[in-house]
Amino acid sequence: MRDTRSDGELLRAIAADGDRRAFEELYRRYAPWLLARMRSRCADHGVVDDVVQETFLAVWRGTARYREEGDVAGWLWRIGSRRLIDVLRGDGARGRLRQTLSRLRHRDEASAEERVLAGVEHGDLAGALIRLSPELRAVLQATVIDGLTTREAAVLLGIPPGTVKTRALRARKQLREALA
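Everything quoted here is computed from the prediction, not taken from an experiment.

Parameters and conventions
Residues numbered from 1 in each chain as written. Predicted model: local features only at pLDDT ≥ 70, side-chain atom pairs only at ≥ 80, totals over all residues. Heavy atoms only, no water. Helix = DSSP H or I, 4+ residues; strand = E, 2+ residues; numbered from the N terminus. Buried < 20%, exposed > 50% of the residue type's maximum accessible area, 1.4 Å probe, protein only. Contact = heavy atoms within 4.5 Å. Areas by Shrake-Rupley, 256 points an atom, 1.4 Å probe, with all protein chains shown as cover. Axes fitted to C-alpha atoms, helices over the stretch in contact; angles between N-to-C directions. Parallel < 35°, antiparallel > 145°, perpendicular 65-115°, else oblique. Left-handed = near helix turned anticlockwise from the far one by under 90°. Nonpolar A, V, L, I, M, F, W, Y, C, P; charged D, E, K, R; others polar. Salt bridge = Lys/Arg side-chain N within 4 Å of Asp/Glu carboxyl O. Phe/Tyr/Trp six-rings, centres within 6.5 Å; stacked < 30°, edge-to-face > 60°. Lys NZ or Arg CZ within 6 Å of the ring centre and 35° of its normal. Core = buried A, V, L, I, M, F, W, Y, C linked by side-chain atoms within 4.5 Å.

Visitor: So what about the overall build of the protein chain? Which residues, and what values?
Guide: Assigned secondary structure in the protein chain consists of 10 helices and 0 strands. Seen in sequence order, the protein chain has helices and strands lined up from the N terminus as α-α-α-α-α-α-α-α-α-α. Considering the protein chain as a whole, with its 180 residues, one finds that 37% of them fall into the buried category. For the protein chain, long-range pairs separated by at least 24 residues make up 60% of all intrachain contacts whose partners lie at least 6 apart in sequence. Accessible surface computed for the protein chain: about 11,300 Å², of which carbon and sulfur atoms make up 50%.

Structure follows, in structure tokens:
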């Protein structure tokens, strides 16, 4: 029998009472959707399965707290996507991030990312992004928005690192031209 409680009621029951039926219903409602969405972002199904399980374990254990702001699917996606990025980055990610940020701070020329962000305010970013091929948009999503390294993006997208680099260069060039 299906539980007819709202998502918020299910989450409150899980948090307050450790209601197993509520948890099972939440899992039935959202796990297939989360698996499908994660699998579109990562070619390694084993990693995705683990990340989805960890996402729901965080809900069960109460380490992920829902504040009743926004929808439950978006909240679960944020938890899962952060966990996926953490898994793909592995150890040493903070060190690589610090190095990258320190290199960017000392550059005089604006990066493609900075130009894109400027285009948000002054240009037609949405139109420029729509005109990119899906392959180029996926690489931008992984490397710019998700902040993954080339190697991490290659694993996520299931393509060679050289292809990630090539597509990233093409995407940045096309965006610079569209937003200039």
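Visitor: Can you explain the packing of helix 2 (residues 20–39) against helix 4 (residues 72–89)? Please cite residues and give values.
Guide: Their axes nearest at 10 Å, the elements helix 2 and helix 4 cross at an angle of 50°. Regarding the angle of helix 2 to helix 4, the classification is oblique. You can see that helix 2 and helix 4 cross each other, and the crossing is right-handed. In contact with Leu26, Tyr30, Trp33, Leu34, Arg37 and Met38 of helix 2, helix 4 contributes Val72, Ala73, Leu76, Trp77, Gly80, Ser81 and Leu84. Across the contact of helix 2 with helix 4, the residue classes tally to 10 nonpolar, 2 polar and 1 charged.

Visitor: So what's going on with the pattern of salt bridges? Residues and values would help.
Guide: Here the idea is simple: oppositely charged side chains can pair when their charged atoms come close. Following the criterion strictly, the structure yields 7 salt bridges and no others. For the salt bridge of glutamate 24 with arginine 20, the shortest nitrogen-to-oxygen distance reads 3.3 Å. Separated by 4 residues within a single helix, glutamate 24 and arginine 20 lie in helix 2, roughly one turn from each other. Taking relative accessible area as the criterion, glutamate 24 reaches 33% and is therefore assigned partly exposed. A salt bridge links glutamate 25 to arginine 28; its shortest N-O distance comes to 3.0 Å. A residue pair is termed a helical-turn pair when its members lie 3 or 4 positions apart in one helix, as glutamate 25 and arginine 28 do in helix 2 at 3 residues.

Visitor: Lay out the packing of aromatic side chains with the relevant residues and their values.
Guide: Under the counting rule described, the total for this entry stands at 3 aromatic pairs. In this structure an aromatic cluster arises from ring pairing among Phe23, Tyr27, Phe56 and Trp60. Stacked on the ring of tryptophan 77, the Lys or Arg arginine 37 has its end atom at 4.0 Å from the ring centre.

Visitor: Could you give an account of the environment of arginine 176, naming the residues involved and the relevant values?
Guide: Turning to its location among the elements, arginine 176 is positioned in helix 10 (residues 161–179). Its relative accessible area of 34% is what places arginine 176 among the partly exposed residues. Distance from arginine 176 to alanine 128, taken between C-alpha atoms, is 9.2 Å for residues 48 residues apart in sequence.

Visitor: Let's hear about the nonpolar core: which residues, and what values?
Guide: Leu11, Leu26, Met38, Phe56, Val72, Trp75 and Leu84 are the most contacted members of the largest nonpolar core, which has 37 residues in total. Contributing elements (two or more residues each) for this core: helix 1 (7–17), helix 2, helix 3 (45–61), helix 4, helix 8 (134–145), helix 9 (150–157) and helix 10. In terms of residues, this core owes the most to one element, helix 4, which gives 9 residues.

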